[in-house]
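# Summary of structural features
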Amino acid sequence: MTNETWGQVREELIKRVGQNNYTTWIEPLRLSHLKNGVASFEVPTTFFGDWVSRNFADHIRGQLAFAGAPVDRVEFTVGAPADRAAAAKPAPRAAAKPARVRAAAAEDVPGAQLEQRFTFDNFVVGKPNELAHAAARRVAEGGPVTFNPLFLYGGVGLGKTHLMHAIAHELKINRPDLHVLYLSAEQFMYRFVQALRDKQIMDFKELFRSVDVLMVDDVQFIAGKDSTQEEFFHTFNALVDQNKQIVISADRAPGEIKDLEDRIRSRLQCGLVVDLHPTDYELRLGILQAKLEHYSNQYRGLTMAPGVLEFLAHRITTNVRVLEGALMRLFAFASLVGREINLDLVMECLSDILRSSEKRLTIEEIQRKVAEHYNVRLSDMIGPKRLRTIARPRQVAMYLSKQMTSRSLPEIGRRFGGRDHTTIMHGVRKIEELMAADAQLVDDVQLLKRLLQS
Ligand code: ADP
Ligand code: MG
């Protein structure tokens, strides 16, 4: 996404919000960056940022998605006035140096901005995320600390950040007396480095040790960054000792984060570790339905043909972010061309997303590759023969199906000639057991994985 794209997005925004609103609120925005699903804009004042966030953030996200740059959040930071001074003609005489407004004014809490949308109300609960949701709810009550830390992990776009923000929002209501600090691990590092540079490390330590609830998002980021890890570890321990709640998220389990010090790893495992599983069809449909309600209010007059949501939930299985982006783009597109949202429009408008989700691995492909590799017939994969020379490759295929697709055990069972899910589980376990002792099998599995991924 370039400033040029932002230029195009702005053109569209004029149509959506009207010229007056545009001139007052959109034109002054300056795109400072767009990454990790966040579009960050510079605004002249805090009030300005709040207003735009409340009234126009959805429009901005919609148009960004339409331009092919979907984001989860739109963020507003108060820009340094020095920038504008610099852009103006050089001052005739050395006027008083423009006082660099410090980013953290007295009113500012030094955490990251919270996304208004990321509340428990807006979080759709299903089988894959119910444990994580329940744990987050518990922390958000602000009662006595029962597990510390709460460690949430899961793949990209499955709702980790959403849940953390929801905790912060809820704590503000339940326990306004608590000092809650949410930030990403990247911001933690940035602040730490800044404190080192400005020789304010004592302030830094004091600040982080004085919070009541600390939430650090995407902690895998500090892996391999030694001094940041060290500082994080001390902060962590100090807070745990004071019985303060800590919430951590990462894209994988503590044991799977490489280049993380062992003592940190084991500390992270001490509390409650819960994962967000890949979404299933029901959850995706639920999320789409919730979003639809929201968009129907925003884009009045647009209609949607039956079956569209089901189609999207069925076809877009990667992550919720992509799913949301797709729906948002549909609405933006439909309102632009003034058409009903039906399957034709979906094909036209989302062909890129649909194409990339088509490439997902199927169980049939896995069966074919495994059969080829072990020189058995494909029909034997799903057939009833129990001969070792056939049963073993079949189990390998079961194992890979479980590992490499998001299909559930019963679903896998159906594709293996209608076998029971316990049979699949047994097959998966068997291969896991054998791999512990059989190097040849490990090699086979790895090779097959590579072949299937390419
Ligand atoms: P992560 O931090 O795990 O990468 P996010 O929390 O940023 O993912 O979620 C990505 C997007 O998907 C956000 O817009 C979020 O609101 C949405 N989302 C994820 N899970 C859910 C859910 N269960 N219900 C509603 N929205 C969800
Ligand atoms: Mg996140």
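Structure first, text after, so check above.
Overview of the structure. Being a predicted model, the structure only gives us computed values, none of them experimental.

Quick notes on the rules
Residues numbered from 1 in each chain as written. Chains lettered and ligands numbered in written order. Predicted model: local features only at pLDDT ≥ 70, side-chain atom pairs only at ≥ 80, totals over all residues. Heavy atoms only, no water. Phe/Tyr/Trp six-rings, centres within 6.5 Å; stacked < 30°, edge-to-face > 60°. Buried < 20%, exposed > 50% of the residue type's maximum accessible area, 1.4 Å probe, protein only. Helix = DSSP H or I, 4+ residues; strand = E, 2+ residues; numbered from the N terminus. Lys NZ or Arg CZ within 6 Å of the ring centre and 35° of its normal. Contact = heavy atoms within 4.5 Å. Pairing = 2+ DSSP bridges.

This part takes up the packing of aromatic side chains. Counting across every chain of the model gives 15 aromatic pairs. With a centroid separation of 6.3 Å and 55° between ring planes, the pair formed by Phe-151 and Tyr-153 is classed as tilted. Neither Phe-151 nor Tyr-153 differs from the other in exposure class; each is buried. Summarising the aromatic geometry, the rings of Phe-192 and Phe-204 are spaced 5.6 Å apart at their centres and angled 55° between planes, so their arrangement reads as tilted. Here the residue Phe-192 occupies a position in helix H7 (residues 185–197), and Phe-204 occupies one in helix H8 (residues 201–209), the gap between them amounting to twelve residues. Residue classification places Phe-192 among the buried residues on the basis of a relative accessible area of 6%. The buried category is assigned to Phe-204, whose relative accessible area is 6%. It is Lys-225 that lies over the ring of Phe-221; its NZ or CZ is 4.2 Å from the centre.

Along the polypeptide, Thr-317 turns up in the loop between helix H12 (308–315) and helix H13 (320–337). If we ignore the near neighbours within four places in the chain, the residues touching Thr-317 are Thr-279, Arg-284 and Arg-360.

Let's shift gears to the pairing of strand E4 (residues 150–154). Along E4, five of the five residues are buried, which leaves the element largely enclosed by surrounding structure. A two-sided burial pattern is seen for E4, the buried positions comprising Leu-150, Leu-152 and Gly-154 on one face and Phe-151 and Tyr-153 on the other. Looking at chain direction, E4 and strand E7 (residues 245–250) are connected through four bridges and run parallel. Paired with Phe-151 across the strands is Ile-248, a residue of E7. Note that E4 and strand E8 (residues 272–276) share five bridges and pair parallel. In the strand pairing of E8, Phe-151 is matched with Val-273.

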